[in-house]
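Structural overview for review
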Amino acid sequence: SQQGEEDPQALSIQEGENATMNCSYKTSINNLQWYRQNSGRGLVHLILIRSNEREKHSGRLRVTLDTSKKSSSLLITASRAADTASYFCATDPREYGNKLVFGAGTILRVKS
Amino acid sequence: DGGITQSPKYLFRKEGQNVTLSCEQNLNHDAMYWYRQDPGQGLRLIYYSQIVNDFQKGDIAEGYSVSREKKESFPLTVTSAQKNPTAFYLCASSIGMLGNTEAFFGQGTRLTVV
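Residues numbered from 1 in each chain as written. Chains lettered and ligands numbered in written order. Predicted model: local features only at pLDDT ≥ 70, side-chain atom pairs only at ≥ 80, totals over all residues. Heavy atoms only, no water.

**Overview of the overall build of chain B**
The test is simple: Numbering goes from the N terminus for both helices and strands, where a helix is a DSSP run of H or I of at least four residues and a strand is a run of E of at least two. Each residue gets one of three labels from its accessible area relative to the maximum for its type: buried under 20%, exposed over 50%, partly exposed in between, using a 1.4 Å probe on protein chains only. Residue contacts are counted whenever heavy atoms from the two residues lie within 4.5 Å of one another. Using a 1.4 Å probe, the Shrake-Rupley method yields the accessible areas, and only the shown protein chains count as cover for residues. Positive charges are assigned to Lys and Arg, negative charges to Asp and Glu, while His and the chain termini are left out of the count. For charged residues, the charge sits on one atom: NZ in Lys, CZ in Arg, CG in Asp, CD in Glu.
The secondary structure content of chain B amounts to zero helices and 11 strands. What you see in chain B, going N to C, is helices and strands ordered as β-β-β-β-β-β-β-β-β-β-β. Projected onto its principal axes, the C-alpha coordinates of chain B cover approximately 35 × 25 × 25 Å. By residue count, 47% of the 114 residues in chain B fall in the buried class. Restricting the contact set of chain B to residue pairs at least 6 apart, pairs at least 24 apart contribute 54%. Accessible surface, chain B: about 5400 Å² in total, of which carbon and sulfur atoms supply 47%. Of note, chain B has its 11 positive side-chain charges centred 8 Å away from the centre of its 11 negative side-chain charges.

**Here's the deal with the interface of chain A and chain B**
Frequently, the measure chosen for interface size is the accessible area that the parts lose on association. To be explicit about the condition: When two parts are brought into contact, each loses some accessible area as probed by a 1.4 Å sphere; the total of that loss over both is the buried area. Salt bridge, as used here: a side-chain nitrogen of Lys or Arg that lies within 4 Å of a carboxyl oxygen of Asp or Glu. Residues are sorted three ways: Asp, Glu, Lys and Arg are charged, Ala, Val, Leu, Ile, Met, Phe, Trp, Tyr, Cys and Pro are nonpolar, and all the rest, Gly among them, are polar.
Residue-level contacts link 22 residues of chain A with 22 residues of chain B. When the area that chain A buries against chain B is broken down by residue, the three leading residues are A:Asn98, A:Lys99 and A:Phe102, summing to 26%. At the boundary of chain A with chain B, the tally comes to zero salt bridges. Listing elements by their share of the side of chain A that touches chain B, those giving two or more residues are β4 (29-37), β5 (43-50) and β9 (85-93) of chain A. Counted by class, the side of chain A that touches chain B contains eight nonpolar, 10 polar and four charged residues.

**Observations concerning the state of the cysteines**
Residue and element names in this part refer to chain B. Just so we agree on the cut-off: Two cysteine sulfur atoms form a disulfide, by the criterion used here, when they sit within 2.5 Å.
For the coordinates displayed, the defined rule picks out two disulfides over all chains. At a sulfur-sulfur separation of 1.9 Å, the disulfide partner of Cys23 is Cys91. Taking the torsion about the sulfur-sulfur bond, which here is approximately -75°, the covalent link between Cys23 and Cys91 counts as left-handed. Pair noted here: Cys23 is in strand β3 (residues 19-25) and Cys91 is in strand β9 (residues 87-94), with a separation of 68 residues, a long-range link. Side by side, Cys23 and Cys91 carry an identical accessibility label, which is buried.

As structure tokens, then:
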């Protein structure tokens, strides 16, 4: 079953703008991860945030986690055309064992 | 360079045929996974293996089979029992079980039934 749901499904912005993607999930988790997928390629890990963390940064990426609302957000600042990709959140629900459940993703298009 | 290699990149299958997708990793990871990705959907887990000679069914294992005879290799066979095999297949590996660690993905195999 699909645990995480990303919002919006698609996002189109101009280069230099910030992009925010949201992920909501249904059950308690241990950790939440974000991945990027370029068209027709494999996924690349971006960041892992643990359930006891509220915010994490990596370069131009900022991830927040609100376990009370069962939601996470991924912010990409000063976007570039190369950021054009699909972005997925993945959770490991506590009742599911140590396996990841992926959402359907947000398609980000950055126009130059 | 360390990584995961999937082959072939594109594969065409006739109705009633079994095909095998290759996945090799040189990251010395214990855990390996197979996911299926359909358009507009997230990844769904087919099979996973935590250690050599052991593997477990994921959410959509029907019509698929795997083996884990070597740590480096985790081939996936799509059998004729899989009624809708056209999809993008992704192999991944991790140091430990996922959730606590990141997954490293191959570049995928796109399987089409002709």
